[in-house]
Structure formats: structure tokens, C-alpha cells
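One-letter residues, chain by chain:
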Amino acid sequence: MKGGAKVIIEAHRHEGVFIARSKEDALVTLNSTPGKDVYGEKRIQVEGPPGPEGVATKLEYRVWNPFRSKLAAAILGGVDHIWMKPGSKVLYLGAASGTTVSHVSDIVGPAGCVYAVEFSHRPGRDLINMAKLRTNVIPIVEDARHPLKYRMLVGMVDTIFADVAQPDQARIVSLNSHYFLKNGGHVVISIKASCIDSTAAPEAVFQKEVKKLQEEKFKPLEQLTLEPYERDHAVVVATYRPAPKTKK
Amino acid sequence: MPYASLRNAIPRKTNKERSQPAARKKFGLLEKHKDYVQRANDYKRKSKALASLREKAAFRNPDEFYFAMTKGQTKEGVHRVRPAEASLPHDHIALLKTQDMRYVTMKRALDVKKAEKLQAGLHFLTEEAANKHTVFVDTEAEVETFDPAKHFGTDPALVTRAFNRPKLETLETPGAVLGVANVGELKKVRKAREKAYTELGERLKRSLSFKEVLEHMQVEKNVMGKGRKRKVQEAEDGKPAVFKWKRERRK
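Residues numbered from 1 in each chain as written. Chains lettered and ligands numbered in written order. Predicted model: local features only at pLDDT ≥ 70, side-chain atom pairs only at ≥ 80, totals over all residues. Heavy atoms only, no water.

Looking at an unreviewed UniProt entry, chain B carries the name U3 small nucleolar RNA-associated protein 11, with the source organism given as Nannochloropsis salina CCMP1776. The annotation that UniProt attaches to chain B under Subcellular location (unreviewed entry) is "Nucleus, Nucleolus". (UniProt positions renumbered as here; feature names shortened; annotations may be inferred.)

Looking at an unreviewed UniProt entry, one finds chain A named rRNA 2'-O-methyltransferase fibrillarin and attributed to Nannochloropsis salina CCMP1776. The heading Subcellular location (unreviewed entry) in the UniProt record of chain A holds the text "Nucleus, Nucleolus".

Now the structure itself:
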């Protein structure tokens, strides 16, 4: 899309995320590899504020489709905190082809790091191709159930994002947290109700998953459903081993 | 005919018919023998038909009866015989229906694809939230005193704006909004956006109705196929009728 004057870029609540309002209205992230898209998404060029020489800089944003990404849907749904910002280290479980991972890599920037874990080989190949251009993404084609297999690649992280759509998702997340998540770090989990228990009511499934997290020393902070972008999905944000509350 | 071949051996004079004399040009082309034969044949055929109809009318039985009479009716003074049933064979009709189905499938795919493309850039950023957001707090007292504006650290006016509740410190930074154009430009852009949303809505709606049509066509195709069946449920609110086939043992 050309013609920067016709676009308004609004800073989002979450650092590194923006809202573009033009002929379209879209969630966008600042493209760390200008001129290149990852999965055929739209790019929006805008004239930025003038640089030190007084010449206006060109900024490029990539559209982040909430109908394809649970994290984007959660952001537009009004999540309080995604716990990802420039400089964060994120472990991303269930990276698939790396479409959302590329946006997370835009958010954390060159100082941050995204460890993207995907088990299937075919999407794993796309993930690796994406990581070739984005040096802050470390692709790992392994089973997230066995964090031991990739413990040599992953350091301590600030946040774990999980979108694995498996019945034992809570167990997978806690296992990875025990290995890689710092105390007081956060998990952001996307839950697909029908993947956990297709017979129970979605609300009950979410509640059960939150219970499971609490048993694993997570303290839930918030939970939100993803309508109108997804049906019977929820995102739960929790803290891992929070510091004990000081008495006043 | 004797000597026929010999007669044919000698070149005969071809009789040329004269054309219309210049003095009689105003009467048009002069009729030739060929034309006369055609005209005469036509006249004979028509007079024969008329004669036969007259004869039929003369010999008509006033008490005659045909079953077609029971199907015929008079509508606004005009007698109508019920038209014959569709005369195409069964398998031809079945083939035509599969082609119709393919056309509808293609049209639907077009709409779905275009809607997807539009949807990639139109994220339904509206004030009213369609989802449910739960915030977990530690004590009952905190539930009582929960203040969304304070919790989200934003301006109270922006609390309902779920897609973006900027923090107060974000609002204060100078680069929070980039690329503001003039008011006229803004209006034009907004109009274009509203148009795009309308188009998206229409395409989504149409792809749904195409889907319904396809379901009906599929049932129709199945019904035209083999096997004994009976209707289990009537068609209602957009859903096709449900048929049940008699089970047949496979060899």
C-alpha cells in the first residue's frame, strides 16, 4: 500500500504493536526486515518523524491478522499485558510456520530473542526459512513435550507463549516452565476448548485448565475469550512462581 | 427411355428465362418457373390443410372426449392445454445439475477468497467488545473496589475501547500518533473503509447463502440417484429435506 499520508499509525498499549487506520483498519507491527513479507501479509509504508539530518525516515509496518493469530486476537480483545516488549526473551511453543513468531520477533526487536518450537517438519521448514532473515528467532524442530532435547539451545526466558492445541497443554507448559522460565516470569496460553475436551462446555474447560495451572505454581492474572476472531478459544495469562506478597 | 444416353451426348440448348424488362422494372423481379413451383406447392399444401380441417370440423362428434380435456383449463378467457412434462431424459438432467453445482461451488469459492483477502486488513476495530475478559484478583475486597480504568492504567474514557487502551504514559509521548492527514483526506479514507466493511459483510453473507444452495443441490442430486428412499424430515429454514435410503446389502 502506497501513499503514507493516507495512513494513521496509532501506538498500541503494548510496546512494539500499532494500529493502522486507513482504507483498512488493522493491527500492525514495525517490520524489522523492511521490503520483505513473511507469509504474504500486507505491508504499510509511513513517513516517520525526521531523523537527525532532518530527512523524514520511512517506516514499514506489517499487518497482523487476528483471524490467523491467537496472540493478535488476544491483543485486539483487550488483554492487559502480553509480557513481550523490546528486549524480552520469549519461548514460543507451537510455532507452526512462524507467522505469529515473525510478529513476536518484530516486537522483541534486535535486543530480544524468540525461541520457536515446532514439532512437525513441514511447517518447521517454513519456520527455519523465516528465521534465516530474522536473526532474533531461534527455530527448534522438536517435540515440546521433551524440553530436555532442546535444553542446550534455550536460555532462561521472561515469557512462554503456548499455542499447542493438545489435551495435555498445561503439562507441556509447566514442564517447559520448570526448565526455562524465570521465577516471576509469565505464561500466555491459548486454549482451544474442543482440543482439550470436546464434550464439555468451553467455559468449564477454561476453568479446568486454570485450575491445572494453579496446581503447577502458576498464579492466573487474566483470561479472555477470542470472539469475534475465534470460536471457543481463550487466552490465559499467568505468573510463574510469583514473589511472596510483602505484608504491609 | 430409349436413346437416353445418346440424347445426353448431344449438348442441348439451355433455355434461358428472360429477366424483367426495363419498362416493367417498377414491378420488381420477374418470377421464374422455379419460383412459380415453390409458390404453387405452398398454396396446395395450405389449401389441403384447410380442406382437411374443414372436413374434420364437419364430421366432429359433439360428444367426443379426450383425457387431455381434464387437464386443460380456461384462464382469463383463453383456453390452455397443460404443457408437456420436461422431455429431457433423466441422466441428462442429472448431468445439468452437476454442472450447476460446479458453477455455484466456483462462485462461492470466489466470494470466500475475496472475503478472506478483505478480512486480512479489516479487523473489526469497534468500541463494543464481543468477548469476555476476566481479571483474577486476590481477595473479595479487591473485587468490590475493582476499577477498570485504574487496573488498565488508562483514561476512563478509553476503558470500553478494548482493541487499544493506551496507557497514560503512552498518550503523553509525542510520537503516539503518526501521519495525521488533513480533515478532508481523513473523511475520504473513512468512507473507503466503511465501503470495504460493507463489501466484506455482503461477501460473507453471500458465501453463506451459496453454501445453503449447494446443500440443497447435493440432496437433490442424491435423490435423483439410485436406491429406495423416503423423506424423514421436511425442508425448513434454509435446511434441505432429509432423506433416508433403504439399506442394501453390498455384494
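Asks: Would you take a moment to explain the interface of chain B and chain A for this structure?
Replies: It is common to give the size of an interface as the accessible area that goes away when the parts come together. With 40 residues of chain B in contact, the opposing surface of chain A contributes 46 residues. Between chain B and chain A the total buried area reaches about 3700 Å² when both faces are included, carbon and sulfur atoms providing 51% of it. Of all residues in chain B, the largest losses of buried area upon contact with chain A belong to H123(B), F136(B) and L178(B), amounting jointly to 19% of the total for that side. The interface formed by chain B and chain A includes 3 salt bridges. Residue E203(A) is joined to K132(B) by a salt bridge in which the shortest nitrogen-to-oxygen separation is 3.9 Å. On the surface where chain B and chain A come into contact, there are 24 residue pairs in polar contact (both at pLDDT 80 or more). Those elements giving two or more residues to the side of chain B that touches chain A turn out to be α4 (90-119), β3 (133-135), α6 (148-152), β4 (177-178) and α8 (183-224) of chain B. Sorting elements by how many residues they give to the side of chain B that touches chain A places α8(B) first, with 7 residues. Per-class residue counts for the side of chain B that touches chain A are 21 nonpolar, 10 polar and 9 charged. (Contact = heavy atoms within 4.5 Å. Buried area = accessible area lost by both parts, 1.4 Å probe. Salt bridge = Lys/Arg side-chain N within 4 Å of Asp/Glu carboxyl O. Polar contact = N/O pair within 3.5 Å; in protein donor to acceptor, adjacent residues only side chain to side chain. Helix = DSSP H or I, 4+ residues; strand = E, 2+ residues; numbered from the N terminus. Nonpolar A, V, L, I, M, F, W, Y, C, P; charged D, E, K, R; others polar.)

Asks: I would appreciate a short explanation of the domain arrangement of chain A in the present structure.
Replies: Residue and element names in this part refer to chain A. Taken domain by domain, chain A holds domain 1 (8-63) and domain 2 (66-240). On a C-alpha basis, the centres of domain 1 and domain 2 stand 25 Å from each other. Across the contact, 18 residues belong to domain 1 and 21 residues belong to domain 2. The contact between domain 1 and domain 2 buries some 1500 Å² in all, and 61% of this surface belongs to carbon and sulfur atoms. Taken together, the links from domain 1 to domain 2 amount to 2 salt bridges. (Domains from an automatic or database assignment.)

Asks: Looking at this model, I keep getting lost on the confidence of the model for chain B. Mind explaining?
Replies: Close inspection of predicted coordinates is inappropriate for parts of the model with low pLDDT. Chain-level statistics for chain B give a pLDDT mean of 88 and a share of 96% at 70 or above. Mean pLDDT across the secondary structure elements of chain B bottoms out at β4(B), with 80, and peaks at helix α2 (residues 33-58) of chain B, with 97. (pLDDT = per-residue confidence, 0-100.)

Asks: How should a positive patch on the surface be read in this particular structure?
Replies: A cluster of basic residues, K107(B), K113(B), K114(B) and K117(B), forms a positive patch at the surface. Residue position: K107(B) is located in helix α4. (Patch = residues over 30% accessible without salt bridge, like charges linked within 9 Å, V, L, I, M, F, W, Y side chains within 5 Å. Areas by Shrake-Rupley, 256 points an atom, 1.4 Å probe, with all protein chains shown as cover. Lys, Arg positive; Asp, Glu negative; His and termini not counted. Charge placed at Lys NZ, Arg CZ, Asp CG, Glu CD.)

Asks: Would you take a moment to explain the sheet that holds β3(B) for this structure?
Replies: For sheets, the rule is that strands pair by backbone hydrogen bonds, running either parallel or antiparallel. Reading across from one edge, β8(A)-β7(A)-β6(A)-β9(A)-β10(A)-β12(A)-β11(A)-β3(B) is the order of the 8 strands in this open sheet, with mixed pairing throughout. Taken across any chain shown, the strands that pair with only one partner, and hence form the sheet edges, are β8 (137-141) of chain A together with β3 of chain B. Across the sheet, the mean angle separating the axes of adjacent strands is 15° when strand polarity is ignored. The strands that helix α4 (residues 169-180) of chain A touches are β6 (89-93), β9 (157-162), β10 (181-192), β11 (218-225) and β12 (233-240) of chain A; relative to β10(A), the one it contacts most, it runs at about 160°. Set on the sheet, helix α6 (residues 202-215) of chain A makes contact with β10, β11 and β12 of chain A; between it and β11(A) the angle comes to about 160°. (Pairing = 2+ DSSP bridges. Axes fitted to C-alpha atoms, helices over the stretch in contact; angles between N-to-C directions.)

Asks: Looking at this structure, I do not really get the packing of aromatic side chains. What am I missing?
Replies: For any pair of aromatic rings, the description rests on two quantities: the centre-to-centre distance and the angle between the ring planes. Evaluated as defined, the whole model comprises 10 aromatic pairs over all chains. Centre to centre, the rings of F65(B) and F67(B) are 5.2 Å apart; their planes meet at 75°, and the pair counts as edge-to-face. Relative to W245(B), the ring of F243(B) has its centre 6.3 Å away and its plane inclined at 55°; by these criteria the two rings are tilted. Here W245(B) falls in the partly exposed class, since its relative accessible area comes to 30%. Every member of this aromatic cluster is reached through a ring pair, and the members are F67(A), Y229(A), F124(B) and Y197(B). Of note, R165(B) hangs over the ring of F152(B), and the distance from its end group to the ring centre comes to 4.2 Å. (Phe/Tyr/Trp six-rings, centres within 6.5 Å; stacked < 30°, edge-to-face > 60°. Buried < 20%, exposed > 50% of the residue type's maximum accessible area, 1.4 Å probe, protein only. Lys NZ or Arg CZ within 6 Å of the ring centre and 35° of its normal.)

Asks: How should the side chain of R134(A) be read in this particular structure?
Replies: All names here are of chain A. Within the element layout of this structure, R134 appears in the loop between α3 (121-133) and β8. The exposure class assigned to R134 is buried, which follows from its relative accessible area of 2%. Within the local environment of R134, its side chain forms a polar contact with the side chain of S105, the two groups lying 3.0 Å apart. In contact with R134, not counting residues within four places along its chain, are N31, S32, T33, V38, R62, S102, S105 and D106.

Asks: It is not clear to me how the nonpolar core should be interpreted in this structure. Could you clarify?
Replies: Across soluble globular proteins, you tend to see nonpolar side chains buried next to one another. Residues and elements named next belong to chain A. In this structure, L27, W64, L71, I75, M84, V101 and V104 are the most contacted members of the largest nonpolar core, which totals 36 residues. Every element with two or more residues in this core is listed here: β2 (17-21), α1 (70-77), β6, α2 (99-108), β7 (113-118), α3 and β12. A total of 6 residues in this core trace back to one element, the largest contributor, which is α1. There are two domains that each give this core at least three residues, and those are domain 1 (8-63) and domain 2 (66-240). (Core = buried A, V, L, I, M, F, W, Y, C linked by side-chain atoms within 4.5 Å.)

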